[in-house]
Amino acid sequence: MVDRRHDGRTDRTGFDETKNYLSEALGRVVPRSVARRAIEVTVSTDAAEYAPDEPVAITVAIRNRLPVPVEVPTTTRRLWGWAVDGVLEATDERRYVSAEESSLSLRAGETKRATVTWNGRFRRSDEDGLDRSVRAERGDHRISAFVPVPDADERHEDATQIRIR
C-alpha cells in the first residue's frame, strides 16, 4: 500500500486508521440496506498503456454518497480487493481471509483511497507449492476493484482497461 497517514504509517487496509467514534456510532443508525446502496467504488490507473514489467499504480476509491456517516458490513474480513483479469491480487496462491463479517465505516461524504502497485506479472503456484512469476501477455487487461458486501451490485465494483504493449 502506498497511502500514508500524516505520521508516515500505513494502515493494513490502506485507509487512515484514525477512528472517529461518533461517526461510527451514527453510522450504525443508518439501515444496512441504505448504507450498502450509499457506497460507490471506483478504480483507476496512472496510465492507459504500459511496457512489459512496468509497474501499474492502481488507485481504489470508496465513496459514501450520503451526507451522514455509514457503516457497511462486508462478507469477509477483507474490506476491499483488486484483481487483474479476474485473478485476485494477480496471484493464484491460496488466501487465508477469515469468512467472518467485518464492516467499513465512512464519514459523511467521505472518500477513502488506497493505492497498490501491480508489477505486471501474475504469481502462479504449481501443485508442489512452488511459486513462479509469469509476465502478463501483451494486449488488454482488466483491472477491477470491489467491496465484498452482501447483495453487491454495480456500485460495489468498478473496472478499467489497460494495455501492455
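Here, the structure is the one placed above.
The model shown is predicted, which means the values in this text are computed figures rather than measured ones.

Caption draft 1: Local environment of the sheet that holds strand 1 (residues 39-45). An order of 1-3-8 is seen for the three strands of this open sheet, with the pairing classed as antiparallel. Two strands in the sheet have a free side with no partner beyond their single neighbour: strand 1 and strand 8 (111-118). Within the sheet, the average angular offset between the axes of one strand and its neighbour, ignoring direction, is 15 degrees. Here strand 3 (residues 56-64) pairs with strand 8 via eight bridges, running antiparallel.

Caption draft 2: Spatial organisation of the nonpolar core. Counting residues in each nonpolar core, the largest one holds 32 residues, and the members touching the most others are Ile58, Trp80 and Trp118. Looking at which element gives the most residues to this core, the answer is strand 3, with four residues. If we ignore the near neighbours within four places in the chain, the residues touching Ile58 are Val43, Ser44, Thr45, Trp82, Ala114, Thr115, Val116, Trp118 and Ile143.

Caption draft 3: Main features of the side chain of Thr74. Structurally, Thr74 is set in strand 4 (residues 70-74). Separated by 2.7 Å, the side chain of Thr74 and the backbone oxygen of Thr76 make a polar contact. In this view, Thr74 contacts Leu79, Glu101, Ser102, Ser103, Val147, Pro148 and Val149; residues no more than four positions away in its chain are not counted.

Caption draft 4: Just the pairing of strand 11 (residues 139-146), in detail. With four bridges joining them, strand 5 (residues 81-84) and strand 11 adopt antiparallel strand pairing. Within strand 11, the residue paired with Val84 across the bridge is Ile143. Bridge analysis of strand 11 against strand 12 (residues 157-164) gives eight bridges, and the strand direction is antiparallel. Paired with Gly139 across the bridge in strand 12 is Ile164.

Caption draft 5: Summary view of the pattern of salt bridges. Here the structure, examined in full by the defined rule, presents ten salt bridges. Between Arg165 and Glu49 there is a salt bridge, with its nearest N and O atoms 3.5 Å apart. Of this pair, Arg165 sits in the segment after strand 12 while Glu49 sits in strand 2 (residues 49-50), placing them 116 residues apart in sequence. Classification of Arg165 as partly exposed rests on a relative accessible area of 42%.

Caption draft 6: Quick look at the sheet that holds strand 6 (residues 87-88). Across the sheet, five strands lie side by side as 2-12-11-5-6; this open sheet has mixed pairing. At either margin of the open sheet sits one strand with a lone partner, and together these are strand 2 and strand 6.

Caption draft 7: Geometry of unusual backbone geometry. Here the phi dihedral of Asp53 falls at roughly 65 degrees; this positive angle occurs in a residue that is not glycine. Within the secondary structure layout, Asp53 lies in the loop between strand 2 and strand 3. Taking relative accessible area as the criterion, Asp53 reaches 28% and is therefore assigned partly exposed. The residue Asp85 is not glycine, and still its phi comes out positive at about 50 degrees. Take Asp85: it is sitting in the loop between strand 5 and strand 6.

The rules we used
- Residues numbered from 1 in each chain as written.
- Predicted model: local features only at pLDDT ≥ 70, side-chain atom pairs only at ≥ 80, totals over all residues.
- Heavy atoms only, no water.
- Pairing = 2+ DSSP bridges.
- Helix = DSSP H or I, 4+ residues; strand = E, 2+ residues; numbered from the N terminus.
- Axes fitted to C-alpha atoms, helices over the stretch in contact; angles between N-to-C directions.
- Core = buried A, V, L, I, M, F, W, Y, C linked by side-chain atoms within 4.5 Å.
- Buried < 20%, exposed > 50% of the residue type's maximum accessible area, 1.4 Å probe, protein only.
- Contact = heavy atoms within 4.5 Å.
- Polar contact = N/O pair within 3.5 Å; in protein donor to acceptor, adjacent residues only side chain to side chain.
- Salt bridge = Lys/Arg side-chain N within 4 Å of Asp/Glu carboxyl O.

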